[in-house]
Amino acid sequence: GSGLMQFVNVNRDSGRGLEFELEAKRASGLRTRVSYTLADSQDDLLHARLANAPLHMAKLNAAIPVGKRTFAGVELQYTSPQRSFQDTRVGDALVANFTVSTKPLWQGFEFAASCYNLLDRRYFTPTGVGLVQPAILQDGRTFRFKITHRIALPRTGRGPNG
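Summarised in this report is the structure supplied together with it. Just so we're clear, the structure is a prediction, and the values are computed from it rather than from any experiment. (Residues numbered from 1 in each chain as written. Predicted model: local features only at pLDDT ≥ 70, side-chain atom pairs only at ≥ 80, totals over all residues. Heavy atoms only, no water.)

1. Structural notes on unusual backbone geometry
As a reminder of what qualifies: Helix numbers and strand numbers start at the N terminus; a helix is a DSSP run of H or I with at least 4 residues, a strand a run of E with at least 2. Here the term buried applies to any residue with accessible area under 20% of the maximum for its type, exposed to any over 50%, and partly exposed to those in between, with areas from a 1.4 Å probe on protein chains only.
We note that Asn 52 has phi near 60 degrees; this positive angle belongs to a residue other than glycine. Within the fold, Asn 52 resides in the loop between strand S3 (48-49) and strand S4 (56-65). Note on Asn 52: relative accessible area 27%, which makes it partly exposed. Even without being a glycine, Asp 120 presents a positive backbone phi close to 55 degrees. Structurally, Asp 120 can be placed in the loop between strand S9 (109-116) and strand S10 (124-126).

2. Observations regarding the environment of Arg 89
Where we set the bar: Any two residues whose heavy atoms approach within 4.5 Å are treated as being in contact.
Looking at the element boundaries, Arg 89 is found in strand S7 (residues 89-90). According to the relative accessible area criterion, Arg 89 is exposed, its value standing at 54%. Distance in space between the C-alpha atoms of Arg 89 and Lys 59 is 22 Å, their sequence separation being 30 residues. Once residues lying within four places of it in the same chain are set aside, the contact partners of Arg 89 are Pro 81, Gln 82 and Arg 83.

3. Observations regarding the pairing of S4
Note the cut-off: Only strands joined by at least two bridges in the DSSP assignment are considered to pair.
The sheet contact formed by strand S2 (residues 31-43) and S4 spans eight bridges and is antiparallel. Looking at S4, one finds that Ser 35 is bridged to Lys 59. Bridging between S4 and strand S5 (residues 70-79) involves nine bridges; their strand directions are antiparallel. The residue of S5 that forms the bridge with Ile 64 is Ala 72. Counted along the chain from S4 to the antiparallel partner S5, the turn is four residues long.

4. Points about the pattern of salt bridges
For the record, the criterion: Whenever Lys or Arg places a side-chain nitrogen within 4 Å of a carboxyl oxygen from Asp or Glu, that contact is recorded as a salt bridge.
The final tally for this structure, using the stated rule, is five salt bridges. Between Asp 40 and Arg 49 there is a salt bridge; the shortest N-O distance is 3.6 Å. In this structure Asp 40 comes out as buried when scored by relative accessible area, which is 16%. The partly exposed category is assigned to Arg 49, whose relative accessible area is 34%. Lys 59 is paired through a salt bridge with Glu 75; the nearest N and O atoms lie 4.0 Å apart. One end of the pair, Lys 59, is in strand S4; the other, Glu 75, is in strand S5, and 16 residues separate them in sequence. Here Lys 59 falls in the partly exposed class, since its relative accessible area comes to 32%. Through salt bridges with shared partners, a single network forms among Arg 16, Asp 40 and Arg 49.

As structure tokens, this is what we get:
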């Protein structure tokens, strides 16, 4: 009636899955993390995989110190093929991201520079219900620069009630 779409699970969708994550940190500052998700989401009436539901997703993160207060990091993200709501196959995607960041430097400033979709891969993600196109092309290579400054506020010594 309001024109807003909503999802209602009427006891016909089910899902089974498995997820794990491993992380390692070295005293040298080297950090790695890998995660994997297997998610089998089914429409129990149609005996078919749900739309916009990839079966496999994986991520690898690694960061290495490149100076006393500077780190370089890489992230790989994988999503397996999936079907759109328009029953179109949307291919798998492997995307690499790269970031250089600092720990707090002078007067609490931190800096970061990131490149997303580093290899400029062409990939799509499925759309939702109500859209004509089955998938949307995602951004190519993009950059983000970030400056963060932390300010230490004086403590008042008062409790939560003033």
